[in-house]
Protein chains: 2
Amino acid sequence: METLRATAEGAIPVQTKEVKAFGSEAADALLQQLNITRRNLTAQDVEIEILFCGVCHSDLHTVKNEWHSTVYPCVPGHEIVGRVINIGDEVTKFKVGDLAAVGCMVDSCRHCDYCKEGLEQYCEEGNTGTYNSPDKHLGTRTYGGYSERIVVDEDFVLRVPENLDLAATAPLLCAGITTYSPLRHWNVGPGQKVGVVGIGGLGHMAVKLAKAMGAEVIVFTTSPSKVEDAKRLGADDVVLSKEQGQMSRYAGKLHFILDAVSAKHDINAYLSQLRVDGSLVLVGAPEQPLPVAAFSLIPYRRSFAGSMIGGIAETQEMLDFCGKHNIVADIEMINIQQINEAYERLLKGDVKYRFVIDMASLKK
Amino acid sequence: METLRATAEGAIPVQTKEVKAFGSEAADALLQQLNITRRNLTAQDVEIEILFCGVCHSDLHTVKNEWHSTVYPCVPGHEIVGRVINIGDEVTKFKVGDLAAVGCMVDSCRHCDYCKEGLEQYCEEGNTGTYNSPDKHLGTRTYGGYSERIVVDEDFVLRVPENLDLAATAPLLCAGITTYSPLRHWNVGPGQKVGVVGIGGLGHMAVKLAKAMGAEVIVFTTSPSKVEDAKRLGADDVVLSKEQGQMSRYAGKLHFILDAVSAKHDINAYLSQLRVDGSLVLVGAPEQPLPVAAFSLIPYRRSFAGSMIGGIAETQEMLDFCGKHNIVADIEMINIQQINEAYERLLKGDVKYRFVIDMASLKK
């Protein structure tokens with residue numbers, strides 16, 4: 001099949017094929033089955049049969065155009081694991097039959113300072129997101145993991161440890177790296193008290209990872225119902241943030257806090273938990289600005305920071321770390337036909353802790 | 001003279017003497033001459049004849065009880081330089097006749113983790129401020145540098161480089177270390193673009209220090225009238241933050257920003273100037289919380305931090321650095337009798353860039 005790609009020099013034919021996918025045609029439409037176009041393999045490409053795809057809150061934001069940048073049709077999904085079914089002539093890192101994974105990016109400029117440092121997520125020209133980004137090959141938008149197959153440059157494809165449950169590995173590609181990267185960047189390790197605020201898709205991974213890195217992990221939650229589960233995930237202690245007196249227990253004592261709450265919350269109450277030189281890193285993205293008091297930062301030289309996913313090399317490092325420590329996400333498996341219902345439940349926080357789509361269901 | 005110090009074990013007599021000072025008896029009173037009590041020297045103490053004392057905005061906040069913790073009478077002043085006139089039996093670091101300086105602290109617990117690391121400013125038990133802190137020796141409050149003499153433990157007394165103008169050295173003890181410490185802590189140096197927001201007592205020191213550390217310095221100001229002066233101080237470029245298009249010139253390009261503005265301002269506009277992993281450090285203290293957007297931090301892994309003065313060893317390092325690079329503050333000298341008028345002008349920002357009191361005027 002041939003697709004015409006519009007360029008400044010005129011229309012260029014690109015060899016393509018159709019694959020089945022699940023996506024949305026409008027902000028107010030439900031997701032449904034549709035066909036999308038994937039390019040034929042270039043010499044550097046790997047074609048992956050998608051076996052499982054995690055469901056990230058970003059999928060929902062994008063499908064509903066909540067970030068005001070969605071081009072339809074939109075096929076989300078950036079927690080992709082599967083098996084290599086085809087490789088380009090020059091591919092060296094993968095062979096047919098290998099397990100493989102794709103996360104939040106499928107390309108970047110590769111020549112800016114950040115790309116050269118392995119920080120492709122902060123590419124100066126903007127990285128190419130796995131979905132809803134301009135597709136450099138086809139001139140359309142990129143389509144994500146709610147589909148049968150995906151074609152990705154081998155430099156943006158990850159190796160998957162063979163010992164992990166494959167479905168539960170999928171969420172590592174976004175929830176895993178989003179929490180692993182700041183824990184590593186801020187040197188979390190033994191002898192440190194680390195707070196995790198919010199136990200959801202991201203937070204539950206942060207608990208497992210920080211614990212495996214050797215830190216003492218303190219979970220902050222508003223829900224008494226999550227105490228037991230937080231401890232099962234590895235938390236050494238749980239602070240019920242709304243109960244009187246609880247927030248004073250670790251005041252000034254934490255080395256690092258990972259804040260995975262995307263709703264409005266009192267950031268000063270959490271900043272005050274930090275020791276001198278401690279950092280609170282936001283990975284959730286509350287819609288409204290958070291008021292920060294100067295005196296939450298100045299008296300203890302504290303930092304309030306943010307972090308976004310991780311680079312490709314670091315994502316591989318995270319997968320290898322999870323393989324070594326036998327870490328995967330806690331998941332609830334669904335069929336692709338249940339995705340709209342899963343989104344409804346996601347909005348209510350009704351999932352422990354990540355939906356993963358069994359992509360075999362798309363073949364039905 | 002003997003003063004009775006109230007303790008849990010009863011009243012303890014302490015040998016003291018009276019010295020002349022300038023201070024305030026109430027939040028709404030003008031500063032006027034009064035007498036205060038200084039302890040007789042212990043074995044570890046150094047007595048300093050105060051020659052010059054800088055006027056910090058904190059003096060004004062405290063005198064007017066704007067931080068709601070002032071005990072009267074209040075004698076401010078924590079930018080103190082003078083000459084040693086007496087030493088205790090066990091003093092080894094100073095001899096009579098030496099130049100000496102005292103900054104924002106005169107003591108700390110000395111045994112907590114922070115004190116042991118040389119971070120006395122963050123002492124877990126709270127450092128003893130040079131004024132308006134509980135006085136461990138007399139049981140009253142500490143009195144600052146608007147006075148004839150001060151008695152301080154030698155461990156909290158600094159050596160002053162002989163080559164610097166002594167009056168213009170005084171502001172280094174607060175404005176100098178408050179800006180030097182974060183510039184050093186965040187490793188400002190050659191090859192870096194460093195922003196300084198706000199050109200006042202702190203900001204003008206930050207420009208001089210960052211420049212001497214080898215950075216390219218970009219000043220942000222709202223005042224066209226400050227452009228020329230910023231360049232004279234060492235700025236490589238000046239951004240007029242309120243002029244259209246100016247704020248885009250360094251967007252995403254700065255490695256570090258020192259923010260010395262204590263009024264309300266749009267912190268997100270400055271955070272967006274930072275490169276990946278850049279930090280904006282607040283040393284001014286706006287009264288109201290500053291709204292910080294998650295997307296000002298997350299996409300470039302930026303940090304919004306605070307910093308407070310510096311430790312004793314670092315303050316000495318700063319003074320030595322200034323001696324080596326011949327750096328002092330730009331000052332306007334006043335007599336102590338002009339202090340109330342100077343406060344009025346300080347409130348209007350009408351000083352380039354620090355008032356320093358010639359303490360000889362107190363003898364008149």
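Residues numbered from 1 in each chain as written. Chains lettered and ligands numbered in written order. Predicted model: local features only at pLDDT ≥ 70, side-chain atom pairs only at ≥ 80, totals over all residues. Heavy atoms only, no water.

1. A short note on the relation of the copies chain A and chain B
Part 1 of the argument: Superposition of chain A onto chain B requires a rotation of 180 degrees combined with a translation of 0.0 Å along the rotation axis, giving an RMSD of 0.0 Å. Expressed as a symmetry operation, the mapping of one chain copy onto the other fits a two-fold axis. Measuring from the rotation axis to each C-alpha of chain A, the shortest distance belongs to A:Pro291, at 2.0 Å.
Part 2 of the argument: Taken together, the interface assignments show that 100% of the residues at the interface of chain A recur at the interface of chain B, consistent with an identical surface on both copies. (Least-squares fit on C-alpha atoms with pLDDT ≥ 70 in both. Contact = heavy atoms within 4.5 Å.)

2. Describing helix H10 (residues 339-347) of chain B
The periodicity of an α-helix, 3.6 residues per turn, causes residues three or four positions apart to be oriented the same way.
All names here are of chain B.
Part 1 of the argument: Residues of H10 that are buried: Ile339, Asn340, Ala342, Tyr343, Arg345 and Leu346.
Part 2 of the argument: Buried residues in H10 make contact with strand E2 (10-23), helix H1 (57-63), strand E18 (331-335) and strand E19 (354-358).
Part 3 of the argument: Backbone geometry just after H10 places glycine 349 at a positive phi near 70 degrees. (Buried < 20%, exposed > 50% of the residue type's maximum accessible area, 1.4 Å probe, protein only. Helix = DSSP H or I, 4+ residues; strand = E, 2+ residues; numbered from the N terminus.)

3. Comments concerning the interface of chain A and chain B
Note on interface size: it is often stated as the accessible area lost on association of the parts.
Part 1 of the argument: Listed as interface residues are 36 residues of chain A and, on the opposing side, 36 residues of chain B.
Part 2 of the argument: Summed over both partners, the interface of chain A with chain B buries about 3,100 Å², with 61% contributed by carbon and sulfur atoms.
Part 3 of the argument: When the area that chain A buries against chain B is broken down by residue, the three leading residues are A:Tyr114, A:Ile298 and A:Arg301, summing to 22%.
Part 4 of the argument: Connecting chain A to chain B are zero salt bridges.
Part 5 of the argument: If you look at where chain A meets chain B, you find eight residue pairs in polar contact (both at pLDDT 80 or more).
Part 6 of the argument: At the level of elements, helix H2 (113-116), helix H4 (175-185), strand E15 (274-282), strand E16 (290-292), helix H8 (294-297) and strand E17 (303-306) of chain A are the ones that each hand at least two residues to the side of chain A that touches chain B.
Part 7 of the argument: Considering only residue class, the side of chain A that touches chain B consists of 23 nonpolar, seven polar and six charged.
Part 8 of the argument: Where E16(A) meets strand E16 (residues 290-292) of chain B, three bridges bridge the pair, whose relative direction is antiparallel. For A:Pro291, the partnering residue across the bridge sits in E16(B) and is B:Pro291. (Buried area = accessible area lost by both parts, 1.4 Å probe. Salt bridge = Lys/Arg side-chain N within 4 Å of Asp/Glu carboxyl O. Polar contact = N/O pair within 3.5 Å; in protein donor to acceptor, adjacent residues only side chain to side chain. Nonpolar A, V, L, I, M, F, W, Y, C, P; charged D, E, K, R; others polar. Pairing = 2+ DSSP bridges.)

4. Some words on the pattern of salt bridges
Residue and element names in this part refer to chain A.
Part 1 of the argument: Here the structure, examined in full by the defined rule, presents 43 salt bridges over all chains.
Part 2 of the argument: Here aspartate 237 and arginine 249 are joined by a salt bridge, their closest N and O atoms 2.3 Å apart. With a gap of twelve residues between them, aspartate 237 in strand E13 (residues 237-240) and arginine 249 in the loop between E13 and strand E14 (254-259) connect regions that are remote in the sequence.
Part 3 of the argument: Taking relative accessible area as the criterion, arginine 249 reaches 31% and is therefore assigned partly exposed.
Part 4 of the argument: It is possible to trace a salt-bridge network through shared partners that takes in Lys93, Asp107, Arg110, Lys136, Asp153 and Asp155.

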